[in-house]
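Residue-level structural notes
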Amino acid sequence: MKFLVCISNVPDTTTKITFTPDNKEFNKAGVQFVINPWDEYALTRAIELKEAAGSGTVTVLNVGEADTEPNIRKALAIGADDAIRVNAAPSDAYFVAEQIAAIAKEGAYDVILMGKESIDYNGFQVHGMVGEMLGIPTVAPAMKLDMSGNTATLEREIEGGKEIVSVNTPFVASCQQPMCEPRIPNMRGIMTARTKPLKVVPAVGEPARTTVAEFALPPKKQGVKLIDAENAGELIKLLRNEAKVI
Amino acid sequence: MSVLVVVECADGEVKKSSLEVASYGAQVAAQMGTTATAIAVGEANEANLAKLGEQGITKVLYDAEPRLKDFVNNAYTKLIATAAEQEQAKIIVLANSNIGAAVGSRLSVRLKASLATNVVELPKISGDQFTVKRGAFSGKAFSDVVLSGDRKIIAVKKNSTEAQHDAGKTAEVTSFSAQLSDADFADAPKQVVMQDQAGGVLLPEAERVVSGGRGMKGPENWHLIEDLAKALGAATACSKPVSDVDWRPHHEHVGQTGITVSPNLYIACGISGAIQHLAGVNSSKVIVVINKDPEAPFFKAADYGIVGDVFDVLPKLTAAVKALN
Ligand SMILES: Cc1cc2nc3c(=O)[nH]c(=O)nc-3n(C[C@H](O)[C@H](O)[C@H](O)COP(=O)(O)OP(=O)(O)OC[C@H]3O[C@@H](n4cnc5c(N)ncnc54)[C@H](O)[C@@H]3O)c2cc1C
Ligand SMILES: Cc1cc2nc3c(=O)[nH]c(=O)nc-3n(C[C@H](O)[C@H](O)[C@H](O)COP(=O)(O)OP(=O)(O)OC[C@H]3O[C@@H](n4cnc5c(N)ncnc54)[C@H](O)[C@@H]3O)c2cc1C
């Protein structure tokens, strides 16, 4: 079984978000980048399924410029076998999906795993685009993934419940908790990651379909109005008469 | 040319988020000098579909194929794509739900359309320039995105726009068939398992949310959260560590790595207000924080606060709500 795991390079979850003075770009200065938290579920589950089968390969794929390589190496340290970086700024979801679809097709991957969504652009769309480009099913967001031969059984989250879905390879799934316990690199992994293959390839396809004109931060809160714990019922009156939300 | 709106139905009712989407679509149609048509998916009821006239929809297409009751990605995509071609829709509007995102992303490739998800406001249209405002960085920011090309798909964030109600207006419900075959249902779910809806309110659609953190001390105390939620007609939610240790199910976990909610009222009980938690809730209109530590970071993001013990404060709040009603 050949697994392709797509990872996005995103600002650490504790990042205070700021923009360049013209508000046109995210301000990267001093920001720590990490593997998108949801992609860690995809990566760990692929490694677990490979180990359980006793054969197969896990390839990680990132569309990004050279500054994403530390996180690609981290994915190799966690246990991926090799990596591909498409050398281009990931200008939008459609552009990223084109790159993933092209690599998936060329390498004849059986299972293409992603995270539910990126925590920077929150698109929640690359998986569906890749599935459609390749003409194969997408299961998103998946909370559980088991394989038996060429058949996968997944739990897909829906509003208010879940669906049990079964698909044959090749397919795309986007992963989220509680699929597995994401692994962290150990010393041996870090040592071997240095020598694992990382191939850099040029981008293909059409340009992006969307462009960001401007970023903005949410309006600041006015400040908190404190109510005495002894008079907690007062809060309910304020919520009805002042805030008008109940 | 028209605007096509995808409305999701369950148990015969149009989902609240789809009423918002219908209203959004009708307003976009008005901006563009055209009309809005809806296509219904899920288990629909014709009388309720006709009522979409109240949101400004003129016509509703409905395919009574019984296998469309549950979500099937391929079948839904083909159904909506066929409707879009028939109606020559330039704009397709859907909810930023699990169904909307799954279908919208496939449609964007099939129909060669540009796609914006997580959209929070009506578009700005000036000449050929079509710009939408969307949430980014997990609730920490917004971006204005320009959509190129002839066709556009917009997925509207739940509870970010208000549904208009023009009482008494009705839409014409027309039967519609996309000639779906067995092959289109190949990825149909084997089984659908719905949660036991104790409080009756679904978190992603909720207008009011009562949420508990580690300060609640253990699952045996959750009746305090549930009682207040029930009195308010609210859904229940929790912080990540609470679902990590299985005090509460994972689908209640809100935050940067859980679900993002934007209710009118979010009440946080015994939650410290870590940046990852705030990211998922800070677009709530009114935030109430109950925490015994006056230095808890959540107070900085709150509109109202009570410095106190949840075990003392929550029963008082529940009693006060019951006294109001
Ligand atoms: C400097 C810079 C500027 C950018 N500007 C923009 C912009 O203006 N507009 C914009 O839309 N995006 C921009 N991005 C790209 C953004 O980071 C995403 O890669 C891309 O838009 C897809 O994000 P999404 O939220 O739509 O993906 P989602 O659909 O939310 O992502 C789902 C999954 O797809 C996979 N995935 C996503 N991105 C990648 C990737 N790059 N490589 C491999 N797998 C991936 C991951 O598994 C992820 O969990 C920019 C990135 C950088 C570094
Ligand atoms: C990559 C990453 C992603 C994350 N994603 C998320 C996410 O999506 N969502 C999320 O929630 N967290 C997330 N976290 C975790 C986050 O950093 C915090 O650890 C978490 O939100 C804390 O949960 P809590 O507030 O319930 O617990 P704590 O931080 O332990 O806070 C408990 C609070 O309860 C108060 N308290 C205690 N007893 C009482 C009492 N009797 N009465 C009143 N108040 C009381 C305390 O004063 C304290 O403020 C993430 C972390 C990482 C690293």
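Model, not experiment: these values are computed from the prediction. (Residues numbered from 1 in each chain as written. Chains lettered and ligands numbered in written order. Predicted model: local features only at pLDDT ≥ 70, side-chain atom pairs only at ≥ 80, totals over all residues. Heavy atoms only, no water.)

We now examine the pattern of salt bridges. Pairing is possible between side chains that carry opposite charge, provided their charged atoms lie close to one another. According to the stated counting rule, one finds 28 salt bridges over all chains in the structure shown. In this structure, the salt-bridge partner of Lys240 of chain B is Asp244 of chain B, at a minimum N-O distance of 3.1 Å. In this pair, Lys240 of chain B and Asp244 of chain B are both assigned in helix H6 (residues 240-244), four residues apart and thus about one turn of the helix distant. On the basis of relative accessibility, which here comes to 33%, the residue Lys240 of chain B falls in the partly exposed class. Put simply, Arg45, Glu48 and Asp146 of chain A are held in one network by salt bridges that share partners. (Salt bridge = Lys/Arg side-chain N within 4 Å of Asp/Glu carboxyl O. Helix = DSSP H or I, 4+ residues; strand = E, 2+ residues; numbered from the N terminus. Buried < 20%, exposed > 50% of the residue type's maximum accessible area, 1.4 Å probe, protein only.)

Turning next to the site of ligand 2. Close contacts around ligand 2 come from 27 residues, with Lys217, Ser239, Ser272, Gln276 and His277 of chain B the closest. Neighbouring residues of ligand 2 are distributed over chains A and B. At 2.9 Å, a backbone N or O of Val254 of chain B approaches a nitrogen atom of ligand 2. When isolated, ligand 2 has an accessible area of 990 Å², and the protein chains bury 77% of it. Taken together, the residues of the shell around ligand 2 sort by class into six nonpolar, 15 polar and six charged. (Near = heavy atom within 4 Å. Polar contact = N/O pair within 3.5 Å; in protein donor to acceptor, adjacent residues only side chain to side chain. Areas by Shrake-Rupley, 256 points an atom, 1.4 Å probe, with all protein chains shown as cover. Nonpolar A, V, L, I, M, F, W, Y, C, P; charged D, E, K, R; others polar.)

Taken residue by residue, a regular strand's side chains alternate between the two faces of the sheet. Residues and elements named next belong to chain A. Counting buried positions along strand S4 (residues 57-64) yields seven of eight residues, so the element is predominantly enclosed. Inspection of the sheet shows strand S1 (residues 2-6) paired to S4 by five bridges, in the parallel sense. Looking across to S4, one finds that Val5 is bridged to Val60. Remark: the S4/helix H2 (residues 69-78)/strand S5 (residues 82-87) crossover connection has right-handed handedness. (Pairing = 2+ DSSP bridges. Right-handed = clockwise from strand over helix to strand, strands pointing away.)

All right, on to the interface of chain A and chain B then. Taken together, the contact pairs 69 residues of chain A with 80 residues of chain B. Across the chain A/chain B interface, buried area totals approximately 6,500 Å², and carbon plus sulfur atoms make up 59% of it. Three residues, Glu159, Arg209 and Lys221 of chain A, lead the burial of chain A against chain B; their summed loss comes to 12% of the area buried on that side. Inspection of the chain A/chain B interface yields four salt bridges. Between Glu132 of chain A and Arg110 of chain B there is a salt bridge, and its shortest N-O distance comes to 2.6 Å. (Contact = heavy atoms within 4.5 Å. Buried area = accessible area lost by both parts, 1.4 Å probe.)

This brings us to the site of ligand 1. Residues and elements named next belong to chain A. In the region of ligand 1, 26 residues are neighbours, and Cys6, Asp39, Pro90, Ser118 and Gly123 sit closest. Measuring from an oxygen atom of ligand 1, one finds a backbone N or O atom of Cys6 at 2.7 Å. A distance of 2.7 Å separates an oxygen atom of ligand 1 from a polar atom in the backbone of Gly123. Look at ligand 1: alone it shows 910 Å² of surface, and the protein chains cover 85% of it. Of all elements in the fold, only S4, helix H3 (93-106) and strand S6 (111-115) reach the threshold of two or more residues within the shell around ligand 1.

Here the structure, examined in full by the defined rule, presents eight aromatic pairs over all chains. Aromatic pair Tyr121 of chain A and Phe137 of chain B: ring centres 5.7 Å apart, planes at 50°, arrangement tilted. A residue pair is termed interchain when its members come from two chains, as with Tyr121 of chain A in the loop between S6 and helix H4 (126-134) and Phe137 of chain B in the loop between strand S7 (129-136) and strand S8 (141-147). Through a chain of ring-to-ring contacts, the aromatic side chains of Phe19, Phe26, Tyr121 and Phe215 of chain A together with Phe137 of chain B assemble into a single cluster. Its end group placed over the ring of Tyr94 of chain A, Arg209 of chain A keeps NZ or CZ at 3.6 Å from the ring centre. Above the plane of the ring of Phe142 of chain B lies Lys133 of chain B, whose end atom (NZ or CZ) is 4.9 Å from the centre. (Phe/Tyr/Trp six-rings, centres within 6.5 Å; stacked < 30°, edge-to-face > 60°. Lys NZ or Arg CZ within 6 Å of the ring centre and 35° of its normal.)

Take the pairing of S1 of chain A next. Residues and elements named next belong to chain A. Judged by how many residues are buried, S1 sits mostly within the fold: four of five residues are covered. Relative to S6, S1 runs parallel, the two sharing three bridges. In the sheet register, Phe3 faces S6, and the bridge partner there is Val111.

Moving on to the sheet that holds S1 of chain A. Taken in spatial order, the ten strands line up as S11(A)-S5(A)-S4(A)-S1(A)-S6(A)-S10(A)-S7(A)-S8(A)-S9(A)-S11(B) in an open sheet, and their pairing is mixed. For this open sheet the edge positions go to strand S11 (198-201) of chain A together with strand S11 (191-194) of chain B, each flanked by a neighbour on one side alone. Within the sheet, the average angular offset between the axes of one strand and its neighbour, ignoring direction, is 30°. Sheet analysis places S5 of chain A next to S11 of chain A, joined by four bridges and oriented parallel. The residue bridging Ala83 of chain A from the neighbouring strand is Leu198 of chain A, located in S11 of chain A. (Axes fitted to C-alpha atoms, helices over the stretch in contact; angles between N-to-C directions.)

Of all hydrophobic cores here, the largest spans 56 residues; its most connected members are Ile100 and Ile112 of chain A together with Ile39 of chain B. Among the elements that line this core, the one with the most residues is H3 of chain A, at eight residues. The residues contacting Ile100 of chain A, other than those within four sequence positions of it, are Leu4, Cys6, Leu61, Ile112, Met114, Val126 and Val130 of chain A. In this structure, Phe3, Ile35, Tyr41 and Leu145 of chain A belong to the second largest nonpolar core, which totals 39 residues. (Core = buried A, V, L, I, M, F, W, Y, C linked by side-chain atoms within 4.5 Å.)

Turning our eyes to something else, we now look at the domain arrangement of chain B. All names here are of chain B. Each assigned domain of chain B is listed here: domain 1 (2-185) and domain 2 (203-324). A separation of 32 Å is found between the C-alpha centroids of domain 1 and domain 2. Among the residues domain 1 hides against domain 2, the three largest losses belong to Ser138, Lys140 and Asn159. Together they make up 48% of the total. Inspection of the domain 1/domain 2 interface yields one salt bridge. Where domain 1 touches domain 2, the interface holds seven residue pairs in polar contact (both at pLDDT 80 or more). Partitioned by chemical class, the residues of the side of domain 1 that touches domain 2 number no nonpolar, four polar and five charged. (Domains from an automatic or database assignment.)

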